[in-house]
Structure formats: C-alpha cells, structure tokens
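Next come the chains, spelled out residue by residue.
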Amino acid sequence: MPTTLRRRARRLAPVRRVLRGLDRRTVIRIGIVAVVAYAAWLAVGAFGRPYNFFDMKIYHGAAVWWANGHELYEFIAPDTTLGFTYPPFAGLAMLPMAHLPVGLAGLVNAVASVAALAVVLTALLRPIADRLNYPLWYAVALATVLATALEPSRETLGYGQVNLLLFALVMADLVGLRWRSRRGTHVAPSDGPLLRFFYSGAWAGVGIGLATAVKLTPALFIAYLMITRQWRVATTAVGTVLTVTIGSFAIVGPESRAYFGGVLWQTERVGAADMTPNQSLAGLLARLHDSIETPGLLWFTFAILLLALGLSRAANARADGDELTAFTLVGLTTSVISPISWTHHLVWVIPAIIVLADAAVRRRDASRALAARAGVEDLPGVNGLRPPIWYPTLTGLRHAVAAVALYLLFLVSPIWPYEHQLPEVSHYQDGLFGALMENSLALALIVLVTALPWRPGAEPAFYGERPGRSVVPLASRR
C-alpha cells in the first residue's frame, strides 16, 4: 500500500471504530441528518440572499464608537442612514464585541444562535420524541437543520441579528413553567440549593423580562401572563425589566435618557413601513394601499382586533393544557401587530410548524386508537354518520399539509422576487399575483393567529390556581 494511502487509512481508523460501535439504524440516521443538512445548505443558497453580517456591522460599529467615548445613539453606520436602535441594556450586552473583529463577532453570534435554537428545540421536542419513541438526538438534529434553513433563521444568522437568542430567552420561561407545574419531580435529595432552585422553575419570567429589556415587543408576553393570572411569573418578568432598565439608567444615564426621551419614538430610524421585508400588518396595509405610510386608523382597528383574537386564543390554548401553542400564538401576534416586523423577526413560525405537525400525528393516532377499539365498520362517527373507508388514515391530513405548506413557504420565501420600493416602483407592478407573493408571509402570520390549532392536554403548565376548564385528552374528544 502506498505511503499516502496508509496515512489516510490511519487517519480514518478512529472513524471506522466509532462506526463499528454504532448499530445500523443509528448509522442510517446520521446519514439522513447529513443529507438533510446538505439539502438545507443548498436551499439557503437558492432561496436566501447574500449575507455579510450587515446588521452586525452596525452593532459592532456602534459598540466601537461607544467604547471610544462617543454618544451611542449618535452613531451612523458608514454609507447608510442607520444607527443603533436598541435600548441601552442591549448596548451594554453588546459592548464586549468592540474587542473583536466584526467577522468574528458575527461568527460568535451565529454559533450562539444555532446553539440556542438547538436547546429550544430539545425542550420542545422532548415530549413529542418520548411519546413517539424517537431518539431525541435524531429529532433535534433534523429539526435544527431544517429550522436553520428557514427565512427567519437564515436572515438572523446572515445579518448578525439577535432574534434566535431572544426567542430562546422567552422559551426558557416556558420550560420554567413546565417545571413549576411538576414541583419536586426533577430534584434529587442530593441536589444542592442551586439545582433545586433551577429545577423548581421559580425563575420563570426572567427570560421574558430580559427579552423585553432588549426589544420591547416581548412585553406582550407579560400581558398574556396577566390575562391568564400567572401573577408570580408576570411579577418576575416586570421586576426583571424594571431592574435591568433602572440599572441601565444608573450605569449609562445619558444614553438611557436619550433612548427613552427620543430614540424610542423615532420610527423613521428603522425604515419605511411599506418595505417588502416588513411582513407585519402595518407593512401589509401600506403595500396594499401602495403607500409609504400605513393608514393609521385602519391599522389600529385591525391591530386591536388581532391582538384581542391572539391573546384570547392563547388563553384558551393554555386552559386546554397546551402552553406551547399559547406561547406561539402570543409570539405570532407580536409579529403581526408590531409596526415593523422584518422577516428575521418571524421566528415564531418554527414552533407553529411543530404544533401543526404534532397535531396531525396526535389526531391520526387518536383516530387509529378508536378504530382499533371499535373497528372502523362499527365506529359511529360524528352525529351517527359512519366514517368513510379512508378513516382514520387521513385524519389529521389537513394539519400535516398545513405544516408542510408553512415550512415550504418560509423556506422559499417568495417575497423577494416581487420586492418593490416606492416611489420608484408600485407594489402592483407585477399584478395581483405579485402583490400576493410580496405579502405572503404577512398573510400566513394572520392566518396562523386566527386558525393555529392547539392540542388539548398536550403540555399543561398549571401551578397554583388552575383554570376553571378541565383538560380533556384529544382521544376522548373525537
């Protein structure tokens, strides 16, 4: 054997030993993850845009500017009209990046964001994987790869945004709520006080509070907590926001006064409402009216309606024992009613896809269980009507189709081929179809707020005073 081949064989020997220690099914699953990862990479190249950490360059430039003794909110990125728009606490959190090259800062943010996404997906998929007897590592690996290819994730990573990190902070409170509802089940007698506090979930609310201190839109989760009478968690979230904000005033008073006294209200610093990547209700209405500005009264009316609908459906989902769908509905509602929701803000479609897919599986399994007990021929069906021959095979099909369609929509992101900018080009330049495509993500968000199903009894997170509604398993509702 030639020397070069022998060297390569020695290098691959550890890999072969590891593979020999794995069973065939595990090797196949690793191969599937690798193939899906490669397909996701190709999809990002095909449907994504050129990425060069554009937003990270603004954050990094502002951090360097501030570290050199200048006023934070006076910074304007070179060759743009854009400056730093986050609260002072976010500036303090980003200040260490001033000591890193901008490319390295963007890479660190990307790695941390993907890691945060994987942790969140682990928490969300664990109950589903356990129920379906799937290896958790396999489900999380596939979901992370697939989710990273979606428009909100790839835009967040490519632009150097913080949305996945904020998403993880909010979802950490969902985990805390779960643990609070199962007090003592995670704690061993040998665990120290720190672990006992951690697994008690008593810290639930801190994540929402920190996310709100960085970006104001997560404050809607505090309203949701109050509506659902989760007073302790809501108090923790409000206390966290106040502590962080007051602390910022104490540390960087001039910047805090500049932000809350002026920068916060300067909406023009962000961009025009009709810009194609603004897939909120306000952006949708501006483009439909072919106007740079949103019609204020119309937006306010529909925003209030969708706000009430989203929060009421979230409260009902929680009362039926599905806290994940409740959080997802609140997150989707924030994206819809916010005046500006760039595509990288729309990370709440990720748990929406999970909810739809799990609802399809649950409905199919519940129908099969009923059919197995009674026999399809004898199953009475609804209102005494016998079910068709394909029952229960296609039960849940509409939810499965919705999950796949939603994933493909946010993978392909058809808004970009029809991107227009007033006053140069009308938003109706490509006719009705072009207008629908340019607004497709916003329309999908509105549909999700109004129609996303929840899964009764799926993931209750009750503690203290329970809601008056009893949690009824899905199988008993068929």
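Since this is a predicted model, take the numbers as computed values, not measurements. For every chain, the first residue of the written sequence is number 1, and numbering continues from 1 onward in sequence order. Selection of residues for local features in this predicted model requires a pLDDT of at least 70, selection of side-chain atom pairs for listing and counting requires 80 or more, and totals for whole chains, interfaces and linings are taken over all residues. Remark: hydrogens and water are excluded; side-chain values derive from all non-hydrogen atoms of the structure.

## A few points about the overall build of the protein
Secondary structure elements follow DSSP: runs of H or I of four or more residues count as helices, runs of E of two or more count as strands, with numbering from the N terminus. In terms of regular secondary structure, the protein is built from 20 helices and 0 strands. Only protein chains enter the accessibility calculation, which uses a 1.4 Å probe. A residue is then buried if its area is under 20% of the maximum for its type, exposed if over 50%, and partly exposed in between. Taken over 478 residues, the protein has a buried fraction of 48%. Taking as baseline every contact in the protein between residues at least 6 positions apart, the subset at least 24 positions apart corresponds to 74%. We call two residues in contact whenever any of their non-hydrogen atoms come within 4.5 Å of each other.

## Digging into unusual backbone geometry
In this structure, the amide linkage connecting L422 to the following residue, P423, adopts the cis form with an omega of 0 degrees. For P423, the location among the structural elements is in the loop between α18 (397-412) and α19 (431-438). Its identity is not glycine, yet N133 carries a phi of approximately 60 degrees, on the positive side. Mapped onto the elements of the fold, N133 is located in the loop between α5 (102-132) and α6 (136-148). Judged by its relative accessible area of 69%, N133 is exposed.

## With respect to a nonpolar patch on the surface
Taken together, the side chains of L100, L104, L107, V108 and V111 present a nonpolar region at the surface, about 410 Å² in accessible area. Along the polypeptide, L107 turns up in helix α5. To count toward a patch, a residue needs a relative accessible area over 30% and no salt bridge; like charges are then connected within 9 Å, while nonpolar side chains (Val, Leu, Ile, Met, Phe, Trp, Tyr) are connected within 5 Å. All accessible-area figures derive from a Shrake-Rupley calculation using a 1.4 Å probe, and residue coverage is judged against the displayed protein chains alone. By convention in these notes, a salt bridge is any Lys or Arg side-chain nitrogen within 4 Å of a carboxyl oxygen on Asp or Glu.

## Considerations on the packing of helix α11 (residues 219-227) against helix α16 (residues 323-337)
Only C-alpha atoms enter the line fits that serve as axes; for helices the fit covers just the stretch in contact. Angles between N-to-C directions range over 0 to 180 degrees. Between α11 and α16, the least distance of the axes is 9 Å, while the angle of their chain directions is 135 degrees. What the angle tells us is that α11 and α16 run oblique. Of the two elements, α11 crosses α16, and the hand of that crossing is right-handed. Residues L220, F221 and Y224 of α11 touch α16, and the partners they reach there are E323, A326, F327, V330, G331, T333, T334 and I337. Basically, the charged four are Asp, Glu, Lys and Arg, the nonpolar ten are Ala, Val, Leu, Ile, Met, Phe, Trp, Tyr, Cys and Pro, and anything else, Gly included, counts as polar. Of the residues contributing to the contact of α11 with α16, the split by class is 7 nonpolar, 3 polar and 1 charged. Should an angle fall under 35 degrees it is called roughly parallel, over 145 degrees roughly antiparallel, and 65 to 115 degrees roughly perpendicular, with every other angle called oblique. Take the far helix as your reference; a near helix turned counterclockwise from it by less than a right angle gives a left-handed crossing, and one turned clockwise gives a right-handed crossing.

## Details of the packing of α18 against helix α20 (residues 440-451)
One can describe the packing of α18 onto α20 by two numbers: an axis separation of 10 Å at closest approach and a directional angle of 150 degrees. It follows that α18 is roughly antiparallel to α20 by the angle criterion. When you trace α18 past α20, the crossing you get is left-handed. Side by side, α18 and α20 meet where L406, L409 and F410 of the first sit next to S440, L441, A444, L445 and L448 of the second. Here the residues of the contact of α18 with α20 are counted per class, giving 7 nonpolar, 1 polar and no charged.

## Digging into the side chain of R178
Looking at where R178 falls in the secondary structure, it is placed in helix α8 (residues 163-181). Classification of R178 by relative accessible area gives buried; the value is 7%. One polar contact links the side chain of R178 to the main-chain carbonyl oxygen of A123, over a distance of 2.8 Å. When residues no more than four places from it in sequence are discounted, the contact partners of R178 are A123, L124, P127, E459 and A461. In the analysis that follows, any N or O atom pair within 3.5 Å is treated as a polar contact, provided that within protein one partner can donate a hydrogen and the other can accept it, and provided that, for residues neighboring in sequence, both atoms belong to side chains.

## Topic: the pattern of salt bridges
For the structure shown, the criterion picks out 7 salt bridges. Among the ionic pairs, D358 bridges to R131, the shortest N-O distance being 2.5 Å. On the criterion of sequence distance, the pair formed by D358 in helix α17 (residues 349-374) and R131 in helix α5 is long-range, its members being 227 residues apart. D358 sits in the buried class, given a relative accessible area of 3%. The partner of D322 in a salt bridge is R455, and the shortest N-O contact between them spans 2.7 Å. Of this pair, D322 sits in the loop between α15 (296-319) and α16 while R455 sits in the segment after α20, placing them 133 residues apart in sequence. Just as D322 is buried, R455 falls in that class too. Through salt bridges that share partners, R131, D322, D358, R362 and R455 make up one connected network.

## Brief notes about the nonpolar core
Judged by nonpolar contacts, the single largest core of 104 residues is most densely connected at F84, M171, F327, L332 and F410. Here this core takes 10 residues from α5, the largest share from any one element. Those residues in contact with L332 that lie beyond four places of it in its chain are W348, V349, A352, L445, L448, V449 and L452. Grouping buried Ala, Val, Leu, Ile, Met, Phe, Trp, Tyr and Cys residues that are joined through side-chain atoms within 4.5 Å yields what is termed a nonpolar core.

## Let's talk about the packing of aromatic side chains
We call Phe, Tyr and Trp rings a pair once their centres come within 6.5 Å, taking the six-membered ring for Trp, and we label the pair stacked below 30 degrees between planes, edge-to-face above 60, and tilted otherwise. Using the criterion set out here, one finds 16 aromatic pairs in the structure. Their ring planes at 45 degrees and their centres at 5.5 Å tell us that F221 and F327 sit as a pair that is tilted. Placement of the pair is F221 in helix α11 and F327 in helix α16, with a sequence separation of 106 residues. F327 shares its class with F221; the two are buried. Of the aromatic side chains, those joined through ring pairs into one cluster are Y59, Y73, F84, Y86, F249, Y259 and F260. Ring-over charges, as used throughout, are those where CZ of Arg or NZ of Lys falls within 6 Å of the ring centre and within 35 degrees of the ring normal. The ring centre of W416 lies 3.6 Å from the NZ or CZ of R49, which sits over that ring.

## Some details on the confidence of the model for the protein
The predicted coordinates should not be examined in detail at positions where pLDDT is low. Every residue carries a pLDDT, the predictor's confidence in it, which falls somewhere between 0 and 100. For the protein, the mean per-residue pLDDT works out to 85, and 81% of the residues sit at or above 70. Every residue in residues 382-386 scores below 50 in pLDDT, and together they form 4 contacts with partners more than four places removed in sequence or on other chains. Here residues 470-478 scores under 50 on pLDDT; set against residues more than four positions off or in separate chains, the count is 23 contacts.

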